[in-house]
Amino acid sequence: MEPALSLAKLALGQVSPNPAVGAVVVKNEVVVGQGYTQPPGSPHAEVLALKQAGEKARGGVMYVTLEPCCHYGRTPPCSQAIIVAGIAEVHLAMLDPNPLVSGRGKDEMEREGVKIYVGEHEAEAREINEAYAKFITTGMPLVTAKFAVSLDGKIATKSGDSKWISGEEARKYVHNLRYTSDAVMAGVNTVLIDDPRLTSRCSGKGGTARKQPLRVIVDGKGRTPLTARVFSEPGKTLVALGRLATPEERAAFAQVGAELLELPSAGRLVDLERLLKALGERGITSVLVEGGGILLGSLFDLGLVDKAIAFIAPIIIGGREAKTAVGGNGVNKVVDSFRLKRVRLEKFGEDLMVSGYVKG
């Protein structure tokens, strides 16, 4: 199952709204076929593995990270392909949370005499497809809050300088996070102050990756400058407004290749829940929120954050006016704080990464 999980990770961020799946076919203790999910409309992991195995699949064993689909979508059901290929035994890391599957693929294969085993490396398989699981059951993307802070909790100095709080190894990891995310979100103040690119640069040659996440700028009043770097980078940019745009604004943003999403509301603030629902309707299953403090604070206040990733640098910035990572209203009592669950600690150079889940 471990090779299948490694294959599944290769599909992360590339196949949404489908799940990232890896499959391996073994015959006489030799791997004869393997595959991972391709972009929507292309073959699934199981079909690729069976195709590579050919006749050697008959009587073989398949290890797959997610229950094979049993319904017709853009491609035929994988459960039928497994049965027709003559696979004798299937090991599933987890059942598919999709209501259209949810045990039906397993049952169909068992009825045809295929031996089924469920649960090998289930925790790791669930983590790989955590965004898919939320999306397929709620229609909403998984929201991850990411920030880098000094040891005293600052994200910038009192003058606004923030380059660089985290080290090079941590920043490389962030590019991987972007690569495996469907969308990267930032508030307009972050764009005005830092003018970030919000691209994934993890091609291995120091260049920009071929696949880019959708860049989402939360801009209630429409202050994003047309000269911002996000508009000149590869990939697509969406600007979410809290009001209706003027015809001139629509034309200007179209000129730089940006899409406007108008979500008018009182106070010209972007309704973040409506924004996330709109992204879900576009098949966006995961959103990496990179700041700033106002946006992160609002998302936490509204209970919309699923996961948090914080990089802590061994530096002290100080200053009463220096900004912190999460603004918003916050909580009145420590006991009401958002306490992370399933916490993980990792070291990147001199920086410490703390990650965990706000929900579940």
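Above this text you will find the structure in question.
Let me begin by describing the structure that accompanies this report.

Conventions and cut-offs
Residues numbered from 1 in each chain as written. Predicted model: local features only at pLDDT ≥ 70, side-chain atom pairs only at ≥ 80, totals over all residues. Heavy atoms only, no water. Salt bridge = Lys/Arg side-chain N within 4 Å of Asp/Glu carboxyl O. Helix = DSSP H or I, 4+ residues; strand = E, 2+ residues; numbered from the N terminus. Buried < 20%, exposed > 50% of the residue type's maximum accessible area, 1.4 Å probe, protein only. Pairing = 2+ DSSP bridges. Axes fitted to C-alpha atoms, helices over the stretch in contact; angles between N-to-C directions. Contact = heavy atoms within 4.5 Å. Core = buried A, V, L, I, M, F, W, Y, C linked by side-chain atoms within 4.5 Å. 1 Å grid on protein atoms, 1.4 Å probe; cavity = no way out; pocket = protein on both sides within 12 Å on 5 of 7 lines; lining within 4 Å. Points joined across faces, edges and corners; volume = space filled by probe spheres on them. Nonpolar A, V, L, I, M, F, W, Y, C, P; charged D, E, K, R; others polar. Lys, Arg positive; Asp, Glu negative; His and termini not counted. Polar contact = N/O pair within 3.5 Å; in protein donor to acceptor, adjacent residues only side chain to side chain. Disulfide = S-S within 2.5 Å.

## Quick look at the pattern of salt bridges
Side chains that differ in charge, positive against negative, can pair when their charged atoms come close.
Stage number 1. Evaluated as defined, the whole model comprises 15 salt bridges.
Stage number 2. For glutamate 127, the salt bridge identified is with arginine 344, shortest N-O distance 2.9 Å. Highlighted residues: glutamate 127 in helix H5 (residues 122-128) and arginine 344 in strand S13 (residues 341-348), separated in sequence by 217 residues.
Stage number 3. In this structure arginine 344 comes out as partly exposed when scored by relative accessible area, which is 37%.
Stage number 4. As a salt-bridge pair, glutamate 249 and arginine 243 come within 2.6 Å of each other at their nearest N and O atoms.
Stage number 5. On the accessibility criterion, arginine 243 (13% relative accessible area) is buried.
Stage number 6. Here the residues in one salt-bridge network are Lys106, Asp107 and Glu110, joined through shared partners.

## Observations regarding the sheet that holds strand S9 (residues 237-241)
Stage number 1. Read from one edge to the other, the open sheet built from nine strands follows the order S10-S9-S8-S7-S11-S6-S12-S14-S13, with strand pairing classed as mixed. With partners counted over all chains shown, the strands left at the sheet margins are strand S10 (258-262) and S13, one partner each. Neighbour-to-neighbour, the strand axes of the sheet open up by a mean angle of 20°, direction not taken into account.
Stage number 2. Across five bridges, strand S8 (residues 214-219) lies against S9 in parallel orientation. Looking at the pairing, valine 216 lines up with leucine 238 of S9.
Stage number 3. Together, strand S6 (142-149), strand S7 (183-187), strand S11 (286-289), strand S12 (307-312), S13 and strand S14 (351-357) form the strand contacts of helix H7 (residues 168-179), whose direction differs from that of S12 by roughly 160°.
Stage number 4. Here helix H10 (residues 272-281) sits on the sheet and contacts S6, S7, S8, S9, S10 and S11; the angle it forms with S8, its principal contact strand, is near 160°.

## Remarks on the nonpolar core
Stage number 1. Membership of the largest hydrophobic core comes to 36 residues, with the highest contact counts inside it found for Val25, Leu50, Met62, Ile87 and Val90.
Stage number 2. Look past the residues within four positions of valine 25 in its chain and what remains in contact with it is Val30, Val31, Val32, Gly33, Ala49, Leu50, Ala53, Ala57, Val61, Met62 and Ile87.
Stage number 3. Among the nonpolar cores identified, the runner-up in size contains 32 residues, and Leu214, Val218, Leu263 and Leu296 belong to it.

## Structural notes on the sheet that holds strand S1 (residues 22-27)
Strand pairing in a sheet takes place through backbone hydrogen bonds and is either antiparallel or parallel in direction.
Stage number 1. Spatial strand order, S2-S1-S3-S4-S5: five strands in an open sheet with mixed pairing. The open sheet has two edge strands, strand S2 (30-36) and strand S5 (115-118), and neither has a second partner. Across the sheet, the mean angle from the axis of one strand to that of its neighbour is 15°, orientation sign disregarded.
Stage number 2. Bridge count for S1 against strand S3 (residues 61-64) is four bridges, and the pairing is antiparallel.

## A look at the pairing of S1
Stage number 1. The element S1 is extensively covered by neighbouring structure, given that five of its six residues are classed as buried.
Stage number 2. The pairing of S1 with S2 spans six bridges and is antiparallel. Its bridge partner being in S2, alanine 23 is matched across the sheet by glycine 35.

## A few points about unusual backbone geometry
Only a minority of non-glycine residues have a phi that is not negative, and only a minority of peptide bonds are not trans.
Stage number 1. Between serine 16 and the following residue, proline 17, the backbone shows a cis peptide bond with an omega angle of 10°.
Stage number 2. As for its position among the elements, proline 17 is in the loop between helix H1 (2-10) and S1.
Stage number 3. Cis geometry marks the peptide bond from lysine 163 to tryptophan 164, where omega comes out at -10°.
Stage number 4. Relative to the helices and strands, tryptophan 164 resides in the loop between S6 and H7.
Stage number 5. The backbone of histidine 121 sits at a positive phi, close to 55°, despite the residue not being glycine.
Stage number 6. Here histidine 121 shows up in the loop between S5 and H5.

## As for the layout of surface pockets
Stage number 1. If you add up the space inside the second largest pocket, you get close to 1200 Å³.
Stage number 2. As for the second largest pocket, its lining consists of 46 residues, and the residues nearest its centre are Glu127, Ile128, Glu130, Lys307 and Tyr357.
Stage number 3. Here the lining of the second largest pocket takes five residues from H5, the largest share from any one element.
Stage number 4. Its residues assigned to classes, the lining of the second largest pocket comprises 20 nonpolar, 13 polar and 13 charged.

## Here we look at the side chain of glutamate 67
Stage number 1. By the element assignment, glutamate 67 lies in the loop between S3 and helix H3 (78-85).
Stage number 2. One buried charged residue, glutamate 67, forms no salt bridge at all, with the nearest opposite charge on lysine 106 at 7.4 Å.
Stage number 3. From its side chain, glutamate 67 meets the backbone nitrogen of glycine 103 in a polar contact 3.0 Å long.
Stage number 4. A distance of 3.0 Å separates the side chain of glutamate 67 from the backbone nitrogen of glycine 105, its partner in a polar contact.

## Topic: the side chain of glutamate 130
Stage number 1. With respect to the helices, strands and loops of the structure, glutamate 130 is situated in helix H6 (residues 130-138).
Stage number 2. A distance of 2.9 Å separates polar atoms of two side chains, one belonging to glutamate 130 and the other to lysine 307.
Stage number 3. A polar contact of 2.5 Å, which involves the side chain of glutamate 130, links it to the side chain of tyrosine 357.
Stage number 4. Residues within four places of glutamate 130 in sequence aside, it is in contact with Leu142, Lys307 and Tyr357.

## Here's the deal with the state of the cysteines
Stage number 1. In this structure the tally under the stated criterion is zero disulfides.
Stage number 2. Here cysteine 69 stays unpaired: no disulfide links it, and the sulfur of cysteine 78, its closest cysteine neighbor, is 3.7 Å away.
Stage number 3. Under the relative-accessibility criterion, cysteine 69 is labelled buried at 10%.

Without other data, these values stay purely geometric and don't point to any function.
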